[in-house]
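Next come the chains, spelled out residue by residue.
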Amino acid sequence: MRVLTFGWEFPPAKNGGLGVACYGLTRELLQAGVEVIFVLPKTQETRGDARFLFADQERLVKIRHTDIMLRPYQQASSMIDVIVGYDKQGNPIIKSRSIIEEAHRFAHQASLIAQEEEFDVIHAHDWTSYLAGVAAKLASGKPLVLHVHATSFDQAASDNVDPAIFKIERECFALADTVVTVSEYTKSIVVNKHAVPAEKVQVIHNGCDTNEPPRLPQTLTELKQQGKKIVLYHGRISIQKGVDNFVRAARRVVDVDPNVIFVISGWGDMTNQIIEQVGALRLSEHVRFAGPLWEIERDRMYQSADLVVMPSVSEPFGLVPLEALQHGTPAIISKQSGVAEVLSHVLKVDFWDTDEMANQILSSLRYPVIRQQMVKEGKWQLQSLSWRCAADKVRRLYQNLVQYVTP
Amino acid sequence: MLTVCPYFHVHQPYRVKRYRVFDIGNDTEYFNDNSETDLNNRKIVEKVADKSYRPTNRILKELLDRHPEFRFNLSFSGTALDQFEAYAPDVLESFQELVATGRVEILADTYHHSLAFFYSVPEFERQVKQHEKRIKQLFEVKPRVFRNTELSYRNDLAKWCEDNGYLGIMAEGWDKYLGWRSPNYLYRPAGCSKIKVLLKNYKLSDDIAFRFGNKAWESWPLHADTYAKWIHAHHGDGQTINLFMDYESFGEHQWEDTGIFNFLRAFPEMVMRHPDTSFKTATETVESYEPTGEYDVPEVLTWADTDRDLTAWTGNDIQRDAIAATYRLEEDVLKTKKKDLIETWRKLQTSDHFYYMCTKWSHDGDVHAYFSPYQSPYDAYIAFMNALSDLQLRVKHVVAEQEAKLLAKQAPEKQFCETCAQRKEEPQTVAVVETTPEQNSVPVPVKSSDSFIPLQKWWHRVTSSVRSLLTLLRRK
C-alpha cells in the first residue's frame, strides 16, 4: 500500500497542531507498513528536519518538495512575498501572490507528481492541499481522501467565512471519495454547512504521544516562589481561539483571588486587541504575555502551570489539553471543541460562559485534589488516544477505498 | 413452604445546585435549584411521583385489597419523606395508606441515606434515631429490621444492630461470602448470637430491577408467570426468596412502556398459584425461620456494581476528599447546636453526592451505568465542595461567635486573674532561671500570694526577696 500525501509541514515547523497531526499519523502509518510519499510545499524550516525525522525510514518515506509558499492559518486573499528568481546582479526578484494563487500552483505541481509516482491512494491534509489532492486524483484516477483539520467556519469563528476558501472546500469535498474529520463536531459542520452526505464523512480523532515526557526545570520561578497560581493559555491569539473570553474570566477570577497569574503564550492577529483588553480591564499585573513558545520552552511552561485553559470558540480537535495532561497539568476546555468528545478527565465549559469558566478556574485552584485526579486518570485515558489508534483507522479506510479499484 | 419477602427502597436526595465559588459566603441555599435541569429537586420529585410513586402505590394498594396474603416491605430515606411532604403530600398519604393495612413493614435506615456508619458511629446512631422518630410520627410504627444505605453491610454493623435490639438486618447475598450456599435461607452474622441476616437473591431481584426492559436480554419480554416459575423452582431448596430493589424500579428505572406495571399487577397472584408459596414481611420471615449457618463479612459489602463494595462512592480521590472533608466538620457543626446548620450538614452526607463524583465508568466505558444530574463527576465535586466550603464558613462563624460570647461572660474575673497571674509568674520565672541547688532552702515567693496582702505590698516583697537572692549569689 502506497499513499501520496499532500501536507503542510512537519514539526518543528512553528505553526500549530496541523504539523503535529501530520507527523503523528505518518509515523504510525509507516510503522503499520504503509508507504508514504509526502509532498510538502517548500518551506525552509521543514525540509531538513523532515528528512531528519524520517532518516531511519528513508526507504519507505519519500519527501518531495515543491516551491509553493503556502502557510497555514491565512486568509485566501493574504498576500505573501515570494522570491521567484534572481536578476543579473544576483538580487532576488520578489513578487506578491495571494494564497489562493499558491494553492492553485501547488495543485499544478501535484498533477505532475501524480503522473511520475506510483501509489494507491491520495490523502490531502487541509484546505491548501485540497486542490492538490483533487488535481492528483484527476491525473491518476486514484481514490482521494481529504482530511479536514479545520474549516473556514472554525477560522472565522462565525458564519462570516472567507468565500474563496469555502468555495474550495465545498468543491473539493464533492470530488473526494471520503472526507475525514478530526471530530464529530467538525463532521457536523462539514455535513451541515458544506452539504457533504454524512455517510461520506468519517471521524478519525487525533491522537497524542503516549510516552512520558521528561521533567524539565520550572519556569516562572519568581512567581511560584511568591505563591502565585499560574493559569496558562497556549495557542494562537486569534478570534477562533477565544482568548478574549479567557481574559474576561481572568477579571472575574482576580476579583476573588488576586493570587492568580494568567500567562498567554502565543501570537496572532488579535494580539494587540488582547493587550488592549488586558489594559482596559486593569489586569496588567495579572496577565503575562510570554510570546510564542515552542518545544522545550513550551513544555517547561506546561509543566510549570497549575492549570491550562483552552477557551476556543470553535476547535475542530484541540491538542492543547492532551499535551498539558502529558506534562501533568490539568485542563479546562471549551465544549465547542472536538477533543471534548474523547477526553473525560477535564473540566468543560461553554466558551461564552466566562462566569462558569472563572468558577472552574477558582474551584480547581482551591481544591488541589481535583487537579491531581484529573491528571492521574487523564494520563490513563491518554493511553487509549494514541496516534497508533488513529493511524489504524486511516489504514482501514485506505484498504476500503482500494478494494473497489481494479488494478 | 416457600415465602417471598419483597422489599422496595424509596429514596430521593437533596441534589446540590450548581453552587459556584462566587456564592460562598453569599448564598446559604444549596439545594434550591429552579432550572429545568435534573438538579431541580422539586421538579424531580414531581416527575418521579407521576412516573413511579403514584401509579405504583395505586397498584400496590389494589394488590393488598385483592390478596389478603400479599405482604411487602418498604424503607424510606428521611430526605425522600421530607421532599414528599413539601412537594407531593398526596404521595406521602398514599404510602401511609399502604402501611395502615398492617401488611407493609417499614425498615430501619439512616435518615439521610448516609454512609455514616463507616465514618462516625455516633453520627450514624443519631441519624438512625432521627429516622425512627420520623417513621413513628408519620406511620406510627417502630422498625425492627435494619437495612443500611446502599445495602452496605459489615460484621460490626450487624453487631451494632443486635446490640440495639433489631431482630434482623438485610444484606447482599454475595457469592464471595456465601460460597456454595444459597441466599434463600437465613444466616447468623459472624460475631452475633441473636440477630438474623436476610440475604438478597440478586439474580431474581436484578431480573426486575435491571434487566426487565432490556430487549437484548434472552428472557425479554419477561412475564409474571415465567418469573413465578423461577421462584417456584426454589421449592425444597430454600425458605425465603428475598427480592430487594429500588422502589423507583417501577416506572422510573423501568418505564411504563416496558410493561413493568402489568408485571407487578400479575405478580402476587402468579406467585401464590403454587399451593405452598406466600409472602412474608421481614419481621415475619425472621421470626419464622432459623439461621442455617454463619455469614461472615469482614469487609464492606453493598449492592452496587459487580464489585459489591463502596468504590462507587469512595473509589477515587475526589470522592474520598469530599467525604473526609464532610465528616471533619462533625465536631464543629455539632458544637454550634444550630439546627439548620446540622441539618444542612447531614443533607450533604447523603451518599448520592459522592456517587455523582464516580469515575469508574471511564475505565469500562459504561457511561450509562452511572446516572448523574451533573455534566461530569468533576462538576459534581466542584458544586459539592463549594457548598461545603460555605457551610464550613458558617460553622466557623457561629463557633467563633459563641466563643466570643463565652469569653465576654467570663471576662471580668478572668481579667483580674490574668493580671495577678502575670505578676505572680514573672518573679517566679526569674527565680527558676536563677535556681541553683543552694536556693532550695530559700523561701519561694509563692507563699506570699496571700489575698489579704495588697498587691503593691506583695510586689515589693517579691522583688526584695529576688534582690536578696541575687546579692546572695553574687557574694558567693
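Residues numbered from 1 in each chain as written. Chains lettered and ligands numbered in written order. Predicted model: local features only at pLDDT ≥ 70, side-chain atom pairs only at ≥ 80, totals over all residues.

*Asks:* What exactly am I supposed to notice about the overall build of chain B here?
*Replies:* Each helix and strand counted, chain B has 18 helices and 10 strands in total. Looking at chain B residue by residue over its 476 residues, the buried ones come to 42%. Taking the contacts inside chain B whose residues are at least 6 apart along the sequence as the reference set, 75% of them involve residues at least 24 apart. (Helix = DSSP H or I, 4+ residues; strand = E, 2+ residues; numbered from the N terminus. Buried ≥ 20, exposed ≤ 12 C-beta atoms within 10 Å, placed from the backbone. Contact = placed C-beta atoms within 7 Å.)

*Asks:* Just to check I follow, could you spell out the interface of chain A and chain B for this structure?
*Replies:* It is common to report an interface's size as the accessible area lost on association of the parts. Each partner contributes residues to the interface: chain A has 17 residues there, and chain B has 16 residues. For the side of chain A that touches chain B, the secondary structure elements donating two or more residues are strand 15 (347-349), helix 13 (354-366) and helix 14 (368-382) of chain A. Considering every element that reaches the side of chain A that touches chain B, the biggest residue donor is helix 14 of chain A, with 7 residues. Its residues assigned to classes, the side of chain A that touches chain B comprises 7 nonpolar, 7 polar and 3 charged. (Nonpolar A, V, L, I, M, F, W, Y, C, P; charged D, E, K, R; others polar.)

*Asks:* How should the sheet that holds strand 13 (residues 307-310) of chain A be read in this particular structure?
*Replies:* Hydrogen bonds along the backbone pair up the strands of a sheet, which may run parallel or antiparallel. Residue and element names in this part refer to chain A. The strand order across the open sheet formed by 6 strands is 12-11-10-13-14-15, and the pairing between neighbours is parallel. One side of each edge strand has no neighbouring strand; the edge strands of this open sheet are strand 12 (287-289) and strand 15. On average, adjacent strands in this sheet sit at an angle of 20° to one another, irrespective of strand direction. Where strand 13 lies against strand 14 (residues 331-334), 3 bridges are found, and the strand directions are parallel. Residue pairing for strand 14: V309 is matched across the bridge by I332. Where helix 9 (residues 243-256) meets the sheet, its contacts fall on strand 10 (229-234), strand 11 (260-265), strand 12 and strand 13, and the angle it forms with strand 11 comes to roughly 170°. (Pairing = 2+ DSSP bridges. Axes fitted to C-alpha atoms, helices over the stretch in contact; angles between N-to-C directions.)

*Asks:* Looking at this structure, I do not really get the domain arrangement of chain A. What am I missing?
*Replies:* By the assigned domains, chain A splits into domain 1 (2-207 + 386-402) and domain 2 (221-384). Those elements that place two or more of their residues in the side of domain 1 of chain A that touches domain 2 of chain A are helix 1 (17-31), helix 5 (152-156) and helix 7 (184-193) of chain A. (Domains from an automatic or database assignment.)

*Asks:* Hey, could you run me through the domain arrangement of chain B in this one?
*Replies:* When its domains are assigned, chain B resolves into domain 1 (2-315) and domain 2 (435-476). Once you take the C-alpha centre of each, domain 1 of chain B and domain 2 of chain B turn out to be 77 Å apart.

*Asks:* Any chance you could explain the confidence of the model for chain A here in plain terms?
*Replies:* Residues shown with low pLDDT carry predicted positions that ought not to be read at fine detail. Chain-level pLDDT for chain A is 85 on average; 83% of the residues reach the 70-or-more range. Across residues 43-60 of chain A, confidence stays below pLDDT 50; counting only partners more than four residues off in sequence or on other chains, it has 21 contacts. (pLDDT = per-residue confidence, 0-100.)

*Asks:* Would you take a moment to explain the sheet that holds strand 7 (residues 196-200) of chain B for this structure?
*Replies:* All names here are of chain B. Taken in spatial order, the 3 strands make up an open sheet running 4-5-7, and their pairing is parallel. Two strands lie at the open edges of the sheet, namely strand 4 (145-146) and strand 7, each paired on one side alone. When strand 5 (residues 168-172) meets strand 7, the two strands line up parallel, connected through 5 bridges. Bridge pairing in strand 7 places G168 opposite K196.

*Asks:* Help me understand the environment of T101 of chain B, please; the structure alone is not making it clear to me.
*Replies:* All names here are of chain B. Here T101 is to be found in the loop between helix 3 (89-100) and strand 3 (104-106). Judged by C-beta crowding, with 14 C-beta atoms within 10 Å, T101 ranks as partly exposed. In this structure, the C-alpha to C-alpha distance between T101 and E69, residues 32 residues apart in sequence, is 12 Å.

*Asks:* Would you explain the pairing of strand 11 of chain A in this entry?
*Replies:* In summary, the side chains of a regular strand alternate between the two faces of the sheet. Residues and elements named next belong to chain A. Extensive coverage of strand 11 is indicated by the burial of 6 of its 6 residues. Side chains V260, F262 and I264 project from strand 11 onto one buried face, and the interleaved I261, V263 and S265 project onto a second face that is buried too. As defined by bridge partners, strand 10 adjoins strand 11 across 6 bridges and the pair is classed as parallel. Residue H234 lies in a different strand from strand 11, and its bridge partner there is S265. Regarding the hand of the β-α-β motif, the stretch spanning strand 10, helix 9 and strand 11 is right-handed. Note that strand 11 and strand 12 share 3 bridges and pair parallel. The residue bridging V263 from the neighbouring strand is R288, located in strand 12. Running through helix 10 (residues 271-280), the crossover from strand 11 to the neighbouring parallel element strand 12 is right-handed. (Right-handed = clockwise from strand over helix to strand, strands pointing away.)

*Asks:* Explanation requested: unusual backbone geometry in the structure shown.
*Replies:* Across residues other than glycine, the phi torsion is negative in most instances, and most of the peptide bonds are trans. Residue P221 of chain B is reached from W220 of chain B by a cis peptide bond, and omega for that bond is -5°. With respect to the element layout, P221 of chain B can be found in the loop between helix 7 (202-209) and helix 8 (224-232). Unlike most non-glycine residues, L220 of chain A shows phi in positive territory, near 55°. Along the chain, L220 of chain A falls in the loop between strand 9 (201-203) and helix 8 (221-225). Unlike most non-glycine residues, D305 of chain B shows phi in positive territory, near 60°. Along the chain, D305 of chain B falls in the loop between strand 10 (294-295) and helix 11 (311-314).

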